[in-house]
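Spelled out from the first residue to the last, the chains are:
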Amino acid sequence: MGTVRAKTTKDALRYLNKKKYLYILLIPCVIYFLIFNYFPMYGVIIAFKDFNFAKGIVGSPWIGLDNFRYMFGLSDFYTVFWNSLYLSMLRLVFGFPFPILLALLLNEMRNRTYQRVTQTIIYLPHFISWVVIGGILVNFLSPSWGIVNIFLKQIGMDPIFFLADNNYFRPLVIISSIWKESGWESILYLAAMVSINTELYEAASIDGANRLQKMRYVTMPGIKSTIVILLILRLGQIMGNGFEQIFVLQNPLNLGVSEVFETYVYRVGLIGGRFSFGTTVGLFTSVIGLIFLLASNQIAKWMKEDGIW
């Protein structure tokens, strides 16, 4: 038994020595996640305490589940919960398939120069800050000088205050999110398409398949595992809508539909100084995301698909 363990250890050390430069490159990434993702988990205990700055996290008294009882007793909590869930589902239904469609169209381009130029153009919005995009939207949609409302006036329609109308807020969020992130998110699908065996396309051509049929019967099955994994990860973030985009587009007039958990925690927890309550809300959303992640991964296993573990 000891000989087997020694041999296994020796093989592991030999493998680590062979791949040592790859592991050295991995060190900054590990440090980043330790500092910004794992060490802060200690602060979760604030949700079960009456946190006081003077006493610190350790010295603050335990109050058990009082913060959770208070949270579930608030009427506006359920409004925020519905806004977050509804907006996330809209992102999932309309936003998730778009990068897949975009990757399929890019993959079908035969002119590689034109393909690279197109890819570069659609990637660029990802690197633009939401603050900048929010300013652009505010100016474009302004009821006074916005180009959209100027056009509406010219065709005889009344100007619309898009950012103050609850009916337009969610579509604006979804459309702007698709415009900004779809190009970047399509990279993973394009990378998966590169790994598809070209002989499958040749065999499909011999069988008389057209380009649409190749996309359906060769390309889509080839990237199915990637789609499933990314869908599971997206479901794990079902309660997250991104703070920056919502905060930039939010105003008192659309607060009824724009208040989501990220902005709620910021407004109540940070601005209001109720750190225990803010942590409680954050922990609640994390638990909901974990439940969706585990459930979707198990469903993928039941359907004989690859999960994330």
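See above for the structure.
Residues numbered from 1 in each chain as written. Predicted model: local features only at pLDDT ≥ 70, side-chain atom pairs only at ≥ 80, totals over all residues. Heavy atoms only, no water.

The contact between helix H6 (residues 97–107) and helix H10 (residues 166–194) brings their axes to 7 Å, and the two run at 60°. When the interaxial angle is binned, H6 and H10 end up oblique. The element H6 and its partner H10 pack so that their crossing is right-handed. Residues Phe98, Pro99, Ile100, Leu102, Ala103, Leu104, Leu106 and Asn107 of H6 form the contact with H10, whose own contacting residues are Ile178, Ser182, Gly183, Glu185, Ser186, Tyr189, Leu190 and Met193. Each residue belonging to the contact of H6 with H10 can be placed in one class, and the counts come to 11 nonpolar, four polar and one charged. (Axes fitted to C-alpha atoms, helices over the stretch in contact; angles between N-to-C directions. Helix = DSSP H or I, 4+ residues; strand = E, 2+ residues; numbered from the N terminus. Parallel < 35°, antiparallel > 145°, perpendicular 65-115°, else oblique. Left-handed = near helix turned anticlockwise from the far one by under 90°. Contact = heavy atoms within 4.5 Å. Nonpolar A, V, L, I, M, F, W, Y, C, P; charged D, E, K, R; others polar.)

Of the voids in this model, the largest pocket is the one considered here, and its volume is about 1,400 Å³. Lining the largest pocket are 40 residues, and of these Gln237, Gly240, Asn241, Gly242 and Glu262 lie nearest its centre. Among the elements of the structure, helix H5 (75–95), H10, helix H13 (224–235), helix H14 (243–249), helix H16 (261–271) and helix H17 (275–302) are those that each provide at least two residues to the lining of the largest pocket. Taken together, the residues that form the lining of the largest pocket break down as 18 nonpolar, 16 polar and six charged. Taken as a whole, the second largest pocket encloses approximately 490 Å³ of empty space. In terms of lining residues, the second largest pocket is bounded by 13 residues, among which Phe36, Asn37, Pro40, Met41 and Ser286 are the most central. (1 Å grid on protein atoms, 1.4 Å probe; cavity = no way out; pocket = protein on both sides within 12 Å on 5 of 7 lines; lining within 4 Å. Points joined across faces, edges and corners; volume = space filled by probe spheres on them.)

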